Amino acid sequence: TTPPQIPYRETIKGSVTDVRYRHKKQTGGKGQFAEVVLDVNPQGRGEGFDFEDAIVGGTIPRGFIPAVEKGITETMDRGVLAGFPVVDIKVRLHDGKYHDVDSSEMAFKVAASRAFKDAVRSPQARAALLEPVMQMEVTVPEENLGDVMGDLSSRRGRPMGMEARGKYQVIKAQVPMSEVLRYSPDLRSLTGGRGDFSMRMSHYEEVPKDIAAKLM
């Protein structure tokens, strides 16, 4: 009854070093204090998330390190650019400060989350959106081949080969998922009901800038 959600993802293409965020709040009673310094780097497509604890000298007590990681992973799940999960990133925590009284797990979660957001939004990160690309096989009568190929091209499709099966041609192509959500009725119209197709998830690719701008 509603259009399917496209599972877009967010990532970065550049490294950001020494991102410092200090969370400090005084509310009359016990305050909140935490400071973290992060390096945020891109990873290869599909490599996921990696967190490195590089704290030396006790600048952040060991008990607060898991809170830093949790603050980052929770922010990654919610997204930074457009509300989609962040993927393929390595975060290195290498410095920070704490207060004997005012520091807490919550304070370090907040500081880590804000620092991570600042890093992803910085120009050096060259943040990008990723979209799922489908591997498609479209079986059509020979007389409809040109129309179907043209239609796939208009959907940002890339031909990956073709083979004959009797009076039919099988087109293999990679097409962004967002372009083929309503492909069934369109193919039926192009082929007079004689076309057929199957598709499966192939991989993620960067969304073109003009489309990404609309999504964000």
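Residues numbered from 1 in each chain as written. Predicted model: local features only at pLDDT ≥ 70, side-chain atom pairs only at ≥ 80, totals over all residues. Heavy atoms only, no water.

Asks: Residues and numbers for the pairing of strand S6 (residues 128-141), please.
Replies: Counting buried positions over the 14 residues of S6 gives 12, a clear majority of the element. Note: strand S1 (residues 9-11) against S6, 3 bridges, orientation antiparallel. Residue pairing across strands places Thr-11 opposite Ala-128, the latter belonging to S6. Bridge count between S6 and strand S9 (residues 196-206): 10 bridges; the pairing is antiparallel. Counterpart to Met-136 in the pairing with S9 is Met-199. Pairing analysis gives 9 bridges linking S6 to strand S8 (residues 168-176), with the strands arranged antiparallel. For Thr-139, the partnering residue across the bridge sits in S8 and is Val-170. (Buried < 20%, exposed > 50% of the residue type's maximum accessible area, 1.4 Å probe, protein only. Helix = DSSP H or I, 4+ residues; strand = E, 2+ residues; numbered from the N terminus. Pairing = 2+ DSSP bridges.)

Asks: Tell me about the pattern of salt bridges, and name the residues and values.
Replies: Taken as a whole and judged by the stated rule, the model has 17 salt bridges. A salt bridge links Lys-13 to Glu-206; the nearest nitrogen and oxygen atoms lie 3.1 Å apart. Of this pair, Lys-13 sits in the loop between S1 and strand S2 (16-25) while Glu-206 sits in strand S9, and the two are 193 residues apart along the sequence. Residue classification places Lys-13 among the partly exposed residues on the basis of a relative accessible area of 36%. (Salt bridge = Lys/Arg side-chain N within 4 Å of Asp/Glu carboxyl O.)

Asks: Lay out the sheet that holds strand S5 (residues 89-97) in plain terms, naming residues and giving numbers.
Replies: Pairing within the open sheet is mixed, and its 4 strands lie in the order S2-S3-S5-S4. Looking at strand neighbours, the two that pair on one side only are S2 and strand S4 (49-53), the edges of this open sheet. For this sheet, the mean angle separating the axes of adjacent strands, direction not counted, is 25°. In this structure, S2 lies alongside strand S3 (residues 32-42), joined through 8 bridges in antiparallel fashion. Each bridged residue has a counterpart across the sheet, and for His-23 the counterpart in S3 is Ala-34. Taken strand by strand, helix H1 (residues 65-78) contacts S3, S4 and S5, and its axis lies near 155° from that of S4. Contacting S2, S3 and S5, helix H2 (residues 105-121) crosses the sheet at an angle of about 35° to S3. (Axes fitted to C-alpha atoms, helices over the stretch in contact; angles between N-to-C directions. Contact = heavy atoms within 4.5 Å.)

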